[in-house]
Amino acid sequence: KSPSTNNDFQIRHGGPQVLSSKDIRKSNRTLFLCYPDEDTQEEEESGGAMSMGAACLEHYQGQYVIHVGELYGDTLSLDQAPWGRSSGSDFQQRLASEYHCILKAGLQNWLHVRDTIS
């Protein structure tokens, strides 16, 4: 079948619990995270639990991760520097140490953010 007619393409919504299931762990899937930790920045900074983004990487067994948001050094906000507003430092450090960025492209943004897809 050509990719445009392939009916086997599935999107799963959820977090680390979905990535822990046997059918996902044994499959060849790409992890897509869009602003995974926007609402948990204060919790992470105060020494709270692992961020959702980091927990997803903990359970993910695949080769490819697509991230939408700000990454280290991209933020324009001094309040959120240097990690940005969309994903926690624990996630970003693990992402940078375990994966190689193939492409990083700018997205259309509000004036105060510099989101990318990478």
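Conventions used here
- Residues numbered from 1 in each chain as written.
- Predicted model: local features only at pLDDT ≥ 70, side-chain atom pairs only at ≥ 80, totals over all residues.
- Heavy atoms only, no water.
- Helix = DSSP H or I, 4+ residues; strand = E, 2+ residues; numbered from the N terminus.
- Buried < 20%, exposed > 50% of the residue type's maximum accessible area, 1.4 Å probe, protein only.
- Contact = heavy atoms within 4.5 Å.
- Pairing = 2+ DSSP bridges.
- 1 Å grid on protein atoms, 1.4 Å probe; cavity = no way out; pocket = protein on both sides within 12 Å on 5 of 7 lines; lining within 4 Å.
- Points joined across faces, edges and corners; volume = space filled by probe spheres on them.
- Patch = residues over 30% accessible without salt bridge, like charges linked within 9 Å, V, L, I, M, F, W, Y side chains within 5 Å.
- Areas by Shrake-Rupley, 256 points an atom, 1.4 Å probe, with all protein chains shown as cover.
- Salt bridge = Lys/Arg side-chain N within 4 Å of Asp/Glu carboxyl O.
- Core = buried A, V, L, I, M, F, W, Y, C linked by side-chain atoms within 4.5 Å.

Here we come to the overall build of the protein chain. In terms of regular secondary structure, the protein chain is built from 5 helices and 4 strands. In the protein chain, the succession of α and β elements from N to C terminus is α-α-β-α-α-β-α-β-β. Counting every position in the protein chain, which comprises 118 residues, the buried fraction comes to 36%. Across the protein chain, contacts joining residues at least 24 apart in sequence account for 62% of those joining residues at least 6 apart.

Let us now look at the sheet that holds strand β1 (residues 30-34). Taken together, 4 strands build an open sheet; the order of strands is β1-β2-β4-β3 and the sheet is mixed. At either margin of the open sheet sits one strand with a lone partner, and together these are β1 and β3 (105-106). Across 5 bridges, the pairing between β1 and strand β2 (residues 64-69) is parallel. Residue pairing in the sheet places Cys34 in a bridge with Val68 of β2.

Another aspect to go through is unusual backbone geometry. Despite not being glycine, Tyr35 has its phi angle at roughly 50°, a positive value. Along the chain, Tyr35 turns up in the loop between β1 and α3 (41-45).

Let's shift gears to the layout of surface pockets. In this model, the largest pocket occupies a volume close to 640 Å³. For the largest pocket, the lining is made up of 24 residues, of which Ile11, Arg12, Thr30, Leu31 and Phe32 are closest to its centre. Those elements that provide at least two residues to the lining of the largest pocket are α1 (16-19), β1 and α4 (52-59). Among the elements that line the lining of the largest pocket, the one with the most residues is β1, at 5 residues.

Taken together, the side chains of Phe32, Ile66, Leu107 and Ile117 present a nonpolar region at the surface, about 310 Å² in accessible area. In this fold, Ile117 is placed in strand β4 (residues 116-117).

Attention shifts here to the nonpolar core. In a soluble, globular protein the nonpolar side chains are often hidden away together inside. Judged by nonpolar contacts, the single largest core of 14 residues is most densely connected at Leu31, Leu57, Val65 and Leu95. Residue assignment for this core shows that the elements contributing at least two residues are α1, β1, α4 and α5 (89-98). No other element matches α4, which puts 3 residues into this core. Residue contacts for Leu57: discarding those within four places in its chain leaves Leu31, Val65, Phe91, Arg94, Leu95 and Tyr99.

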